[in-house]
Amino acid sequence: MEVVTASPQETEALAAGLAVELRPGDLVALSGELGTGKTTFVRGAARALGVAGIVSSPTFTIGHRYAAPVDVAHLDLYRISGLDPEEWGDLEPYFDGTIAFVEWPEHGGDWLPAPRAVVTLSHVDEEHRRVRIEKHDDPGL
Ligand SMILES: Nc1ncnc2c1ncn2[C@@H]1O[C@H](COP(=O)(O)OP(=O)(O)O)[C@@H](O)[C@H]1O
Ligand SMILES: [Mg+2]
């Protein structure tokens, strides 16, 4: 499905709608240029999943793991250019028992688990973003 949102709040609400369908072990991949709303989307989903407090961009830390009924992981691979096995070993715990959101999944190469959903965002104008959500029933297959 594809919609155009008119505010960050609308993007967060859209994300909350996806969040209720997610299960432990699921990964949501988020693609789109800087400033299209990937982190905003994750914020909306994380809140809906019970994360209290601030959900901020992990740009300078690779990842955050938030405590929630099911822990929520948020990774930003913007600064990664191809993972080696050791680097993947550092990232793997973020996917253990969590619902995980990954910005710039393209930079993770083939290491990432198959996504439950792929979210692609693009600019329409200053306040509008086109948001496409593709869901996969059996991401492992
Ligand atoms: N419809 C919208 N959806 C999401 N963000 C929006 C929208 N309109 C304006 N914005 C703004 O765009 C910026 C998106 O930033 P962010 O979520 O960090 O993007 P990214 O993680 O893709 O770099 C925020 O400043 C946000 O307020
Ligand atoms: Mg971001």
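In case you missed it, the structure is sitting above this.
Residues numbered from 1 in each chain as written. Chains lettered and ligands numbered in written order. Predicted model: local features only at pLDDT ≥ 70, side-chain atom pairs only at ≥ 80, totals over all residues.

Leu30, Ala45, Ala100, Phe101 and Val102 are the most contacted members of the largest nonpolar core, which totals 30 residues. Elements supplying a minimum of two residues to this core: helix H1 (8-19), strand E2 (27-31), helix H2 (38-48), strand E4 (72-76), strand E5 (99-103) and strand E6 (117-123). (Core = buried A, V, L, I, M, F, W, Y, C linked by C-beta atoms within 7 Å. Buried ≥ 20, exposed ≤ 12 C-beta atoms within 10 Å, placed from the backbone. Helix = DSSP H or I, 4+ residues; strand = E, 2+ residues; numbered from the N terminus.)

The subject of this paragraph is the site of ligand 1. If you check the shell around ligand 1, you find 19 residues, and the closest are Thr11, Gly37, Lys38, Thr39 and Thr40. Taken together, the elements giving at least two residues each to the shell around ligand 1 come down to H1 and H2. Each residue belonging to the shell around ligand 1 can be placed in one class, and the counts come to three nonpolar, 11 polar and five charged. (Near = placed C-beta within 6 Å. Nonpolar A, V, L, I, M, F, W, Y, C, P; charged D, E, K, R; others polar.)

Before going further, it helps to spend a moment on unusual backbone geometry. If you check the backbone angles, Ile62 has positive phi at about 70° while not being a glycine. The topology assignment puts Ile62 in the loop between H2 and strand E3 (63-66). What makes Ile62 partly exposed here is the crowd of 17 C-beta atoms within 10 Å.

A separate point is H2. Most of H2 is tucked away, with nine of its 11 residues classed as buried. Taken together, the buried positions of H2 are occupied by Lys38, Thr39, Thr40, Phe41, Val42, Arg43, Gly44, Ala45 and Ala46. Buried positions along H2 lie against H1, E2, E3, E4, E5 and E6. Directly after H2, the chain includes Gly50, whose backbone phi takes a positive value near 100°. (Contact = placed C-beta atoms within 7 Å.)

One way to put it is that H1 packs onto H2 with a least axis distance of 7 Å and a crossing angle of 50°. One element, H1, and the other, H2, form an angle in the oblique class. For the pair H1 and H2, the sense of crossing is right-handed. Facing Pro8, Thr11, Glu12, Ala13, Ala15, Ala16, Leu18 and Ala19 of H1, the residues of H2 in contact are Thr40, Phe41, Arg43, Gly44, Ala45, Arg47 and Ala48. (Axes fitted to C-alpha atoms, helices over the stretch in contact; angles between N-to-C directions. Parallel < 35°, antiparallel > 145°, perpendicular 65-115°, else oblique. Left-handed = near helix turned anticlockwise from the far one by under 90°.)

Let's shift gears to the environment of Ile62. It is 8.3 Å that separates the C-alpha atoms of Ile62 and Tyr78, two residues lying 16 residues apart in sequence. For Ile62, the contacting residues outside a window of four places in its chain are Leu75 and Asp76.

Moving on, we come to the sheet that holds E6. Strand order across the open sheet formed by seven strands is E1-E7-E6-E2-E5-E4-E3, with mixed pairing between neighbours. What marks the edges here is a single partner per strand, and that holds for strand E1 (2-5) and E3. For this sheet, the mean inter-axis angle between neighbouring strands, taken without regard to orientation, is 15°. Relative to E4, E3 runs antiparallel, the two sharing four bridges. Residue pairing across strands places Arg65 opposite Ala73, the latter belonging to E4. Against the sheet, H2 contacts E2, E3, E4, E5 and E6, and its axis sits at roughly 170° relative to E5. (Pairing = 2+ DSSP bridges.)

Its 12 residues place the ends of H1 16 Å apart at the C-alpha level, agreeing with the 16 Å of an ideal helix rising 1.5 Å per residue. Along H1, the positions that sit buried rather than exposed are Thr11, Glu12, Leu14, Ala15, Leu18 and Ala19. Projected onto a plane normal to the axis of H1, the buried residues spread over an arc of 160° and lie on a single side. Turned more than 90 degrees away from the buried face of H1, the exposed residues are Gln9 and Gly17. (Expected span 1.5 Å × (residues − 1). Arc of directions from axis to C-beta.)

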